[in-house]
Amino acid sequence: MLRNMSIRKRLMIILIMVYTITMVGAIAGGYYVLDRDAQLEAKEKTRLFATIMSANQTFMARNVRPEIMDLLPDSYLPEASVGIVMMSETAKIIEEDFPDYLFKIASPNPLNKTNRSDAFENSIISGFNNGDFEEWEGTVNKAGRHYYASAVPVVARKSCIWCHDTPEVANPEMVKKYGDDSGYGYEVGDIVGCRFVYVPMAAADKVTMKKLAGFAGGISLLFLFAMLVLDRIIISTLVKPIEGLVEVAEDISRGKMDREFEVKGNDEIKLLADAFNRMKVSLAKAMDILRK
Ligand code: HEC
């Protein structure tokens, strides 16, 4: 196919092919690197968020709960004694400033119905139950949004049972607030839920796309410039001189023996023109001999 084309077209097509391959490679490679960077950053944020939440719980368990138990042994004050309650409430305060950063203690059997695990969370909880992994993190799409998420299992201990055993033994205030149909029946050692942290990736995705578009635009401009320059060079150093040679050759073939093959520069076309000139001289000599 390329053989039947003009040199100019042929070179342009080759350049377009190189451009397409470069673009595909550059975009795929660029996307891989930028997306990996965005994920690393989101991973760091996810870890920070999860650590802050755990630190709240640890602080409460170390410094607040023992005091509360000493001072008010018969009171029901989950905000100051149940880590999960404290973390859920803290998460709500964080969400006021960062509405896209989600924290959820999800369970298929929740006291608080808003904590009910969705299909994705159930699949992770099943993974923990089947021993597929001990910790999980990765990207996920939830309600049309892209997140980096991490999950750790929540395991029932002896200290949890008095609230999560049966509604009959649980604190009546708690049963009144959450109902008696769900959130009970815990057994020590069960994975009763999962602590999920979701960090939004939409802003990072946007930056990735913007950088990629800039990158692709830069490469396109560079190729466009190279194509224009190459086209000019091909016209002035190949097409025009060859057209000149053709014109002279046609004149000579019609008998205008005074025409000379002229080419500026010192390239292969100049060598061709010189050879043609020598051929013209030989031709003229041969014709002279013939005429005599
Ligand atoms: C003093 C009672 C109490 C104790 C003890 C307690 N919890 Fe809870 N737990 C609650 C309450 C109340 C909620 C609902 C929090 C909310 O409104 O988000 C809850 C929520 C949860 C949830 C989230 C799903 C749901 O049910 O809403 C999990 C999982 C959970 N608890 C596990 C545990 C584990 C594991 C322990 C022991 C380490 C424990 N709980 C100890 C009262 C308790």
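Anyway, here's the lowdown on the structure attached to this text. (Residues numbered from 1 in each chain as written. Predicted model: local features only at pLDDT ≥ 70, side-chain atom pairs only at ≥ 80, totals over all residues. Heavy atoms only, no water.)

**Section: the overall build of the protein**
Okay, step 1: Along its length, the protein carries 8 helices and 4 strands.
Okay, step 2: Expressed as lengths along the three principal axes of its C-alpha atoms, the size of the protein is roughly 135 × 30 × 25 Å.
Okay, step 3: Considering the protein as a whole, with its 292 residues, one finds that 32% of them fall into the buried category.
Okay, step 4: Total accessible area computed for the protein in this model is approximately 19,100 Å², and 60% of it derives from carbon and sulfur atoms. (Helix = DSSP H or I, 4+ residues; strand = E, 2+ residues; numbered from the N terminus. Buried < 20%, exposed > 50% of the residue type's maximum accessible area, 1.4 Å probe, protein only. Areas by Shrake-Rupley, 256 points an atom, 1.4 Å probe, with all protein chains shown as cover.)

**Examining the coordination of the iron atom of the ligand**
Okay, step 1: No protein donor other than H164 (NE2) coordinates the iron atom of the ligand, and that contact is at 2.1 Å.
Okay, step 2: Note that H164 resides in helix α5 (residues 158–164). (Donors = N, O, S within 2.8 Å, 3.2 Å for Na, K, Ca; no water.)

**Side note on the packing of aromatic side chains**
Okay, step 1: Using the criterion set out here, one finds 11 aromatic pairs in the structure.
Okay, step 2: In textbook terms, an aromatic cluster arises when at least three aromatic residues are bridged by ring pairs, as seen for F120, W136, Y147, F196 and Y198. (Phe/Tyr/Trp six-rings, centres within 6.5 Å; stacked < 30°, edge-to-face > 60°.)

**Here we look at a nonpolar patch on the surface**
Okay, step 1: Taken together, I7, L11, I14, V18, I242 and V246 make up a surface patch of nonpolar side chains, about 420 Å² in accessible area.
Okay, step 2: Of all elements in the fold, only α1 (7–71) and α7 (202–253) reach the threshold of two or more residues within the nonpolar patch.
Okay, step 3: The biggest single contributor to the nonpolar patch is α1, with 4 residues.
Okay, step 4: Using a relative accessible area of 35% as the deciding quantity, one classes I242 as partly exposed. (Patch = residues over 30% accessible without salt bridge, like charges linked within 9 Å, V, L, I, M, F, W, Y side chains within 5 Å. Salt bridge = Lys/Arg side-chain N within 4 Å of Asp/Glu carboxyl O.)

**Some remarks on the sheet that holds strand β1 (residues 102–106)**
Okay, step 1: Spatial strand order, β1-β4-β3-β2: 4 strands in an open sheet with antiparallel pairing. Where the open sheet ends on each side, the last strands, each with one partner, are β1 and β2 (136–142). In this sheet, adjacent strand axes meet at a mean angle of 30° when their direction is disregarded.
Okay, step 2: As defined by bridge partners, β2 adjoins strand β3 (residues 145–155) across 7 bridges and the pair is classed as antiparallel. The residue bridging K142 from the neighbouring strand is R145, located in β3.
Okay, step 3: Against the sheet, α1 makes contact with β1, β2, β3 and β4 (191–200), and its axis sits at roughly 130° relative to β4, the strand it touches most. (Pairing = 2+ DSSP bridges. Axes fitted to C-alpha atoms, helices over the stretch in contact; angles between N-to-C directions. Contact = heavy atoms within 4.5 Å.)

**Side note on the pattern of salt bridges**
Okay, step 1: This structure, assessed with the given rule, holds 15 salt bridges.
Okay, step 2: Put simply, D288 and R291 hold a salt bridge, and the shortest N to O gap is 3.3 Å. In this pair, D288 and R291 both sit in helix α8 (residues 268–291), 3 residues apart, roughly one turn of the helix.
Okay, step 3: On the basis of relative accessible area, D288 is assigned to the partly exposed category, the value being 40%.
Okay, step 4: Residue R291 is classed as exposed on the basis of its relative accessible area, which comes to 63%.
Okay, step 5: Several salt bridges share partner residues, and in doing so they unite K104, D118, E121 and K142 into one network.

**Some remarks on the pairing of β1**
Okay, step 1: Among the 5 residues that make up β1, 4 are buried, leaving the element largely enclosed by the rest of the structure.
Okay, step 2: The pairing of β1 with β4 spans 5 bridges and is antiparallel. In the sheet register, A106 faces β4, and the bridge partner there is C194.

**Topic: the nonpolar core**
Nonpolar side chains tend toward joint burial in soluble globular proteins.
Okay, step 1: Counting residues in each nonpolar core, the largest one holds 15 residues, and the members touching the most others are F49, M53, F103 and V197.
Okay, step 2: Among the secondary structure elements, those contributing two or more residues to this core are α1, α3 (83–97), β1 and β4.
Okay, step 3: With near-sequence residues (within four places) excluded, M53 lies in contact with M87, T90, A91, I94 and F103.
Okay, step 4: Counting residues in hydrophobic clusters, the runner-up holds 13 residues, among them A106, I125, C194 and Y198. (Core = buried A, V, L, I, M, F, W, Y, C linked by side-chain atoms within 4.5 Å.)

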